[in-house]
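A look at the structure
Each chain, written out:
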Amino acid sequence: MGLVAIVTWLITAMVGIYLLYVWLSGGGLRQQATKVTRFPTLLIFTHPVLAVSALACWVVYVLTLERIFAWLSFGVLTASALLGFTMFTRWLGGGRHARGAEQRFPIIAVVLHGVAGVTTFVLVLLTAAVASGA
């Protein structure tokens, strides 16, 4: 299950990179000064930094099977997921009338990123629980 989680994590990351590209190319950073976007820069960049940090912990877990790394990865991933959920609800709040660069997000990419992210979250939780003997 650990390797399957890495695969779903990489799918999530690839779609996330695409969404970040769409946001940046749509002027997301330029819109920060005018408050046109619903996505603050700190939120946009903290979400992937936490996700990559959690992935690094997960890779260490898969290589060493030290369950502390599985739970550390899950904790950091939880923080990243909460930020992702915050962005998702802000994006939904704007719907088709979103004001910023996020209005250009393809719905299929948002859904794929979310489904892959939730799948990764569940796999990491289940694997960490099994590793702990729960």
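The preceding data block contains the structure.
The following paragraphs examine the structure supplied in this document. (Residues numbered from 1 in each chain as written. Predicted model: local features only at pLDDT ≥ 70, side-chain atom pairs only at ≥ 80, totals over all residues. Heavy atoms only, no water.)

With that settled, the discussion passes to the overall build of the protein chain. When its secondary structure is counted, the protein chain shows four helices and zero strands. Listing each helix as α and each strand as β along the protein chain from the N terminus yields α-α-α-α. Burial analysis of the protein chain (134 residues in total) assigns 38% to the buried set. Considering only intrachain contacts with a sequence separation of at least 6, the fraction spanning at least 24 residues in the protein chain is 77%. (Helix = DSSP H or I, 4+ residues; strand = E, 2+ residues; numbered from the N terminus. Buried < 20%, exposed > 50% of the residue type's maximum accessible area, 1.4 Å probe, protein only. Contact = heavy atoms within 4.5 Å.)

Before going further, it helps to examine helix α2 (residues 41-64). Given 3.6 residues per turn, any residue in an α-helix points the same way as the ones three and four places further on. Relative to the 34 Å expected for 24 residues at 1.5 Å per residue, α2 spans 35 Å between its end C-alpha atoms, a close match to the ideal helical length. Among the residues of α2, L43, I44, H47, A51, A54, L55, C57, W58 and Y61 are the ones counted as buried. Positioned one or two residues after α2, L65 has a phi angle of 60°, which is positive. (Expected span 1.5 Å × (residues − 1).)

On to the packing of helix α1 (residues 2-25) against helix α4 (residues 107-131). In contact at an axis separation of 8 Å, α1 and α4 are set at 155° when each is read in the N-to-C sense. By the angle between their directions, the pair α1 and α4 is classed as roughly antiparallel. Considering only the axes of α1 and α4, their crossing is left-handed. Packed against α1, whose contacting residues are G2, V4, A5, T8, W9, I11, T12, V15, G16, Y18 and L19, the element α4 presents A109, V110, L112, H113, A116, G117, T119, T120, L123, V124 and T127 at the interface. Broken down by class, the residue content of the contact of α1 with α4 amounts to 13 nonpolar, nine polar and no charged. (Axes fitted to C-alpha atoms, helices over the stretch in contact; angles between N-to-C directions. Parallel < 35°, antiparallel > 145°, perpendicular 65-115°, else oblique. Left-handed = near helix turned anticlockwise from the far one by under 90°. Nonpolar A, V, L, I, M, F, W, Y, C, P; charged D, E, K, R; others polar.)

Attention now goes to the layout of surface pockets. By volume, the largest pocket is sized at about 990 Å³. Around the largest pocket, the lining comprises 34 residues; the ones closest to its centre are T12, H47, G84, M87 and H113. At the level of secondary structure, the elements contributing two or more residues to the lining of the largest pocket comprise α1, α2, α3 (67-94) and α4. (1 Å grid on protein atoms, 1.4 Å probe; cavity = no way out; pocket = protein on both sides within 12 Å on 5 of 7 lines; lining within 4 Å. Points joined across faces, edges and corners; volume = space filled by probe spheres on them.)

For the rest of this paragraph, the subject is α4. Helix length check: α4 (25 residues) gives 36 Å between terminal C-alpha atoms against 36 Å at 1.5 Å per residue, within 8%. Inspection of α4 places A109, V110, H113, A116, T120, L123, V124, T127, A128 and A129 among the buried residues, and these make up the whole buried set.

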